[in-house]
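Coordinates in review
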Amino acid sequence: MLSQVVELIENKNRFGITTHVRPDGDGVGSSLGLCWLLKSLGKEAEVIVRDGIPASYLQLPGADEIRRVSEIDREYDAVFVIECSNVDRPGIEKLEEQFVVNIDHHATCEQFGTINWIDATASAVGEMIYNLCKAIGGRVSKEIAECVYMALVTDTGSFHFPNTTERTLKVASELVKVGVQPSRISEAVYNSYSWSRVALLQKVLATARRDESGRIALMRQTLAMKEETGAVDGDNNGFVNMPLVAKEVLGSVYMREVKPGTYRVSVRSKGPINVARVAESFGGGGHKNAAGFRITGDWDELEREIEERMNEAVDLAFESDPSLDVRNEYSLA
Ligand SMILES: [Mn+2]
């Protein structure tokens with residue numbers, strides 16, 4: 001918990017910080033924010049990751065110093081592992097031999113660290129890094145603020161998602177107070193892609209359809225689409241959310257072929273519909289409204305199965321609260 005993390009930082013000096021493979025805004029922002037905090041306290045710290053950092057996050061202060069490694073190759077007093085469900089998620093060998101500090105905001109996270117600080121009420125790990133900074137008596141520098149703000153913006157979908165709380169906005173406000181320019185961070189996150197994202201979106205959206213109920217939208221991305229457009233990892237960020245702009249769509253399924261016969265599936269939902277359960281039933285996981293899994297088999301067959309589970313999830317939401325009109329909940333009229 002937090003007090004153990006504070007004590008550790010006060011008593012030790014050399015720290016590594018890492019996050020999951022294919023790092024996202026919370027992973028990179030929180031890692032860099034923590035790194036700036038540790039340095040401001042006179043500690044030695046560095047961020048190490050297995051994969052490359054997407055271009056939008058490379059604009060964060062300190063991002064150019066992130067070191068790519070496949071195994072632990074230096075001596076640390078402790079290694080912070082940011083938002084990982086288990087110790088293998090960073091994809092870094094010998095990590096399990098380290099003094100590991102597990103920091104996450106997912107309730108489903110395994111207690112794999114020597115110290116585990118899990119706060120499922122935090123919108124992003126970034127919010128926890130801000131709390132840590134306050135708890136340890138650190139100053140929220142502009143660098144820390146920019147990194148933490150990036151984490152908040154990306155994990156809350158620009159403060160759209162249900163994990164956005166009063167506390168999230170309060171923290172964001174504090175970050176702006178110390179110099180964060182929200183428009184600059186948003187530009188970096190949302191308007192810094194290559195044209196390949198537009199080209200890929202065109203092809204993926206062309207496959208969008210609704211199931212018979214009209215409540216579930218489904219989209220596909222083939223390996224060929226990625227090749228033809230020259231798309232890179234990250235170009236498809238957020239595609240899964242797009243069908244949800246239609247009021248009548250309550251759930252969205254986005255299947256992308258990662259190798260012939262194998263698909264990464266992202267599922268999204270509105271309000272009380274729990275798609276984490278859908279993902280879990282296929283061996284994956286996530287949050288109530290945003291989850292994912294990996295699956296192998298016949299594309300059409302798998303899609304039908306997923307479609308069925310998604311409809312079950314919608315039905316369950318209605319059943320558990322008969323007074324609920326999921327459609328009307330999203331109507332402002
Ligand atoms: Mn997160």
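Residues numbered from 1 in each chain as written. Predicted model: local features only at pLDDT ≥ 70, side-chain atom pairs only at ≥ 80, totals over all residues.

What follows concerns the overall build of the protein chain. A tally of helices and strands in the protein chain yields twelve helices and twelve strands. Whereas a compact globule of 333 residues would reach a radius of gyration of roughly 20 Å, the protein chain reaches 20 Å, a difference of no more than 12%. Across its three principal directions, the C-alpha atoms of the protein chain cover 60 × 45 × 35 Å. Per-residue burial for the protein chain yields a buried fraction of 42% across its 333 residues. (Helix = DSSP H or I, 4+ residues; strand = E, 2+ residues; numbered from the N terminus. Rg over C-alpha atoms; globule rule 2.2 N^0.38 Å. Buried ≥ 20, exposed ≤ 12 C-beta atoms within 10 Å, placed from the backbone.)

This part takes up the environment of H20. For H20, the position within the fold is in the loop between β1 (14-19) and α2 (25-40). Taking the C-alpha atoms as reference points, H20 and S85, 65 residues apart in sequence, are found 8.8 Å from one another. Ignoring anything within four residues of it in the chain, the contact list for H20 reads G27, E83, C84, R89 and P90. (Contact = placed C-beta atoms within 7 Å.)

Turning next to the pairing of strand β9 (residues 251-259). Two faces belong to every sheet, and in a regular strand the side chains alternate between them. Two strands pair when backbone bridges link them, and strand β8 (residues 216-221) and β9 are joined in this way by six bridges, in the parallel orientation. Bridge pairing links I216 to G251 in β9. In this structure, β9 lies alongside strand β10 (residues 262-269), joined through eight bridges in antiparallel fashion. For K259, the partnering residue across the bridge sits in β10 and is T262. Between the end of β9 and the start of β10, which pair antiparallel, lie two residues, with G261 showing a positive phi angle near 85°. (Pairing = 2+ DSSP bridges.)

Helix-helix packing is described using two parameters, namely the angle between the two axes and the distance between the axes. At a minimum axis separation of 10 Å, helix α5 (residues 142-155) and helix α6 (residues 166-177) run at an interaxial angle of 150°. Remark: the crossing between α5 and α6 carries left-handed chirality. Across the interface between the two elements, A145, V148, Y149 and L152 from α5 touch T168, V171, A172 and L175 from α6. (Axes fitted to C-alpha atoms, helices over the stretch in contact; angles between N-to-C directions. Left-handed = near helix turned anticlockwise from the far one by under 90°.)

As a further point, take the sheet that holds strand β11 (residues 285-286). What the six strands build is an open sheet, ordered β7-β8-β9-β10-β12-β11; its pairing is mixed. Edge strands, defined here as strands with exactly one partner in the open sheet, are β7 (209-210) and β11. For β7 and β8, the ladder comprises two bridges, and the chain directions are antiparallel. From the neighbouring strand, R210 faces β8, where its bridge partner is A217. Lying on the sheet, helix α11 (residues 299-320) is in contact with β8, β9, β10 and β12 (290-296); it crosses β9 at an angle near 155°.

You can see E280 is positioned in helix α10 (residues 276-281). It is 33 Å that separates the C-alpha atoms of E280 and A188, two residues lying 92 residues apart in sequence.

In this section: the nonpolar core. F80, I129, V148 and Y149 are the most contacted members of the largest nonpolar core, which totals 57 residues. At nine residues, α5 tops the list of elements feeding residues into this core. Ignoring anything within four residues of it in the chain, the contact list for Y149 reads A172, L175, V180 and I185. Counting residues in each nonpolar core, the second largest holds 29 residues, with V204, Y263, A276 and V314 among its members. (Core = buried A, V, L, I, M, F, W, Y, C linked by C-beta atoms within 7 Å.)

This next bit is on the packing of α2 against helix α4 (residues 125-135). For the pair α2 and α4, interaxial distance at closest approach is 8 Å and the crossing angle is 15°. Put simply, α2 runs roughly parallel to α4. Handedness of the α2/α4 crossing: left-handed. Residues D26, G29, S30, G33, L34 and L37 of α2 form the contact with α4, whose own contacting residues are V125, G126, I129, L132 and C133. (Parallel < 35°, antiparallel > 145°, perpendicular 65-115°, else oblique.)

Examined at the domain level, the protein chain breaks down into domain 1 (2-190) and domain 2 (195-329). Taken over C-alpha atoms, the centre of domain 1 sits 28 Å from the centre of domain 2. Classifying every residue of the side of domain 1 that touches domain 2 gives three nonpolar, one polar and one charged. (Domains from an automatic or database assignment. Nonpolar A, V, L, I, M, F, W, Y, C, P; charged D, E, K, R; others polar.)

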